[in-house]
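The lines below spell out each chain.
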Amino acid sequence: MNGILSKAIVTQYYRINAGFFLVLLLLLFGLLPANAVVDMHRFLMMQITADGMFLAGAVVLWFAYAGKCLLYCHSELRNPANSYLYHMQALPWWRHYSLWLTVHVQLMMPTLLYGAVTVALGMHAHHYGLAILFAMVQIVLLTTPALLCTYTTNNTWRHQPVRMPTLLQGMRKRPVTFLLHYALHMRKGTFIGLKALSVLLLQGMVAANTDDINKESVAVLMMFLISAHALLPVYFVQFAAIRLRFVNNLPINRAQLLLTGVFTFAVIYLPEFLFLSLNGRHALPAGMIAALYAVAISQTMLYSALLYLPGMTVDRYTLVVLGLFFVTLLFLASFNLWLLCIVESVAMVAIFYARYRQYELP
């Protein structure tokens, strides 16, 4: 039964929330150099067990994540496809509860590991009171959801079983976020790989230039990362042409579609922008960092527009991306980045407006 619950609940949970965990990992561990990340988290852990305000903040975050896991479990129990899980009420109560407890241990593993290290550091620093209190909070947040799930599956025959609030019921995904949801959920492997590549290369750049960061090397590295992200427009255009064909029948003009793409890539490139802002501000002007961010968005949008040209196969698109990469490198030395952004934006808008309505998926 453990294996069934693991596949039906736990595995599905981590697949659905892969984008959420990726963003969380980038924010917590990918925006600072390795030594700074260790020092930051050590400081946070020590403060949680030494300061009541920090402890209260951590408890709120832990409570929010436990609530997320509990709401997910109850939504899965309401799914008719998982109605077989109610057969667990034939098991002894202690066995039933232990199964749900195992599920919640796996779901809450990220917070449990972080909390365990925090408690261990607090005990080592002789902060016994708050460390023990934090450990007790984690135990309560682990055992209570398992108890509620056990009660729900054991009391289907009651008139009013425990009902979880449907906090997001009726909240719809806006068209402007369709592509972002697609990247985070249906193309999560590609998205995770690209972000991992970005973090590794940017971390390597900072490690190799501890004293000063060369502006040209940053620009070249960003051009390489932009070219690496050129795979996403291929998926986005195919997704829009197949799954979002109904958009052409809606009162959504081409300017709104362009803004959807701009918003999507602005969010996708946000980790790189934050990394440069935090680690390169001593060597790179804020204007240059903002210009690199704008060029990343405009050039990827240009890649998307090029896919609407007639006869643009994936092979030709790859050659075009490679050619634009080297051409951009040649212009970096003599071309203002903001001017490059404007030129690419004008070309992108012209191609998109001219070819979008006539596009047919090859």
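Rules behind the numbers
- Residues numbered from 1 in each chain as written.
- Predicted model: local features only at pLDDT ≥ 70, side-chain atom pairs only at ≥ 80, totals over all residues.
- Heavy atoms only, no water.
- Helix = DSSP H or I, 4+ residues; strand = E, 2+ residues; numbered from the N terminus.
- Buried < 20%, exposed > 50% of the residue type's maximum accessible area, 1.4 Å probe, protein only.
- Contact = heavy atoms within 4.5 Å.
- Areas by Shrake-Rupley, 256 points an atom, 1.4 Å probe, with all protein chains shown as cover.
- pLDDT = per-residue confidence, 0-100.
- Salt bridge = Lys/Arg side-chain N within 4 Å of Asp/Glu carboxyl O.
- Expected span 1.5 Å × (residues − 1).
- Polar contact = N/O pair within 3.5 Å; in protein donor to acceptor, adjacent residues only side chain to side chain.
- 1 Å grid on protein atoms, 1.4 Å probe; cavity = no way out; pocket = protein on both sides within 12 Å on 5 of 7 lines; lining within 4 Å.
- Points joined across faces, edges and corners; volume = space filled by probe spheres on them.
- Nonpolar A, V, L, I, M, F, W, Y, C, P; charged D, E, K, R; others polar.
- Core = buried A, V, L, I, M, F, W, Y, C linked by side-chain atoms within 4.5 Å.
- Axes fitted to C-alpha atoms, helices over the stretch in contact; angles between N-to-C directions.
- Parallel < 35°, antiparallel > 145°, perpendicular 65-115°, else oblique.
- Bend = angle between axes of the 7 residues up to and from the residue.
- Phe/Tyr/Trp six-rings, centres within 6.5 Å; stacked < 30°, edge-to-face > 60°.
- Lys NZ or Arg CZ within 6 Å of the ring centre and 35° of its normal.

Caption draft 1: How the structure looks around the overall build of the chain. What the chain contains, in helices and strands, is 16 helices and zero strands. The proportion of buried residues among the 362 residues of the chain is 41%. Excluding contacts between residues fewer than 6 apart, the proportion of contacts in the chain whose partners are at least 24 apart in sequence is 83%. Accessible area of the chain: about 19300 Å², with a carbon and sulfur share of 69%.

Caption draft 2: Looking closely at the confidence of the model for the chain. For the chain, mean pLDDT is 81; residues scoring 70 or higher make up 87% of the total. In this model, residues 164–171 is a region of pLDDT below 50 whose contacts with residues beyond four sequence positions or in other chains number seven contacts.

Caption draft 3: Looking closely at the pattern of salt bridges. Using the criterion set out here, one finds one salt bridge in the structure. Note that Lys195 and Glu272 form a salt bridge whose closest N and O atoms lie 2.8 Å from each other. Taken together, the residues Lys195 in helix α9 (residues 188–208) and Glu272 in helix α13 (residues 270–279) connect sequence positions 77 residues apart. Across the pair, exposure class does not vary: Lys195 and Glu272 are buried alike.

Caption draft 4: Molecular detail of the environment of Thr300. Relative to the elements of secondary structure, Thr300 occurs in helix α14 (residues 286–306). Not counting residues up to four positions away in its chain, the partners in contact with Thr300 are Ile226, His229, Pro233, Phe265 and Tyr269.

Caption draft 5: Fine view of helix α12 (residues 254–268). In this model, α12 (15 residues) spans 21 Å end to end at C-alpha, consistent with the 21 Å of a helix rising 1.5 Å per residue. Regarding α12, its N-cap is Asn253, as a side-chain oxygen of that residue lies 3.2 Å from the backbone nitrogen of Ala255 further along.

Caption draft 6: A look at the layout of surface pockets. Estimated volume of the second largest pocket: approximately 770 Å³. If you go around the second largest pocket, you meet 21 residues; those closest to its centre are Leu24, Leu28, Leu61, Trp62 and Thr111. The element best represented in the lining of the second largest pocket is helix α4 (residues 52–77), accounting for eight residues. Class assignment for the residues of the lining of the second largest pocket results in 17 nonpolar, three polar and one charged.

Caption draft 7: Main features of the environment of Glu272. In this structure Glu272 comes out as buried when scored by relative accessible area, which is 2%. C-alpha separation for the pair Glu272 and Leu26, spaced 246 residues apart in sequence, amounts to 9.6 Å. Once residues within four sequence positions are removed from consideration, Glu272 is found in contact with Lys195, Ser198, Leu202, Met222, Leu225 and His229.

Caption draft 8: Molecular detail of the nonpolar core. Ranked by internal contacts, the top residues of the largest apolar core, which has 66 residues, are Phe236, Phe265, Leu276, Leu292 and Tyr317. Ranked by residue count, the leading element in this core is α14, at 14 residues. The contact partners of Leu292, leaving out residues within four places of it in the chain, are Val218, Ala219, Met222, Leu276 and Leu337. Judged by nonpolar contacts, the second largest core, of 35 residues, contains Cys69, Leu85, Met88 and Leu112.

Caption draft 9: Main features of the packing of α12 against α13. Running from N to C, α12 and α13 cross one another at 45°; their axes reach a closest spacing of 4 Å. Looking at the two axes, α12 sits oblique to α13. Residue-level inspection shows Ala266, Val267 and Ile268 of α12 in contact with α13, the latter providing Leu270, Pro271 and Glu272.

Caption draft 10: Inspection of the side chain of Ser227 at higher detail. Structurally, Ser227 can be placed in helix α10 (residues 215–228). Ignoring anything within four residues of it in the chain, the contact list for Ser227 reads Tyr303, Val321 and Phe325.

Caption draft 11: Structural context of the environment of Leu142. Relative to the assigned elements, Leu142 resides in helix α7 (residues 128–154). On the basis of relative accessibility, which here comes to 14%, the residue Leu142 falls in the buried class. The spatial distance from the C-alpha of Leu142 to the C-alpha of Leu112 is 8.9 Å, given a sequence separation of 30 residues. Residue contacts for Leu142: discarding those within four places in its chain leaves Leu101, His104, Val105, Met108 and Leu112.

Caption draft 12: Just helix α1 (residues 2–16), in detail. Over its 15 residues, α1 extends 20 Å from the first C-alpha to the last, a length consistent with the 21 Å expected when each residue adds 1.5 Å. Where α1 bends most, at Ala8, the angle is about 25°.

Caption draft 13: Focus on the packing of aromatic side chains. In this structure the tally under the stated criterion is 19 aromatic pairs. A centroid spacing of 6.0 Å and a plane angle of 55° characterise the contact between Trp62 and Tyr114, whose relative ring orientation is tilted. Of this pair, Trp62 sits in helix α4 while Tyr114 sits in helix α6 (residues 109–124), placing them 52 residues apart in sequence. Among the residues examined, Trp62 registers a relative accessible area of 9% and is labelled buried. Measuring from ring centre to ring centre gives 6.5 Å for Phe352 and Tyr353, while their planes differ by 75°; the resulting arrangement is edge-to-face. Every member of this aromatic cluster is reached through a ring pair, and the members are Tyr13, Tyr14, Phe21, Tyr65 and Tyr72. Here the basic side chain of Arg187 rests over the ring of Tyr235, its NZ or CZ set 3.7 Å away from the ring centre.

Caption draft 14: Highlighting the side chain of Gln299. Mapped onto the elements, Gln299 comes out in helix α14. If near-sequence neighbours (up to four positions away) are discounted, Gln299 is found in contact with Met223, Ile226, Leu324, Thr328 and Glu344.

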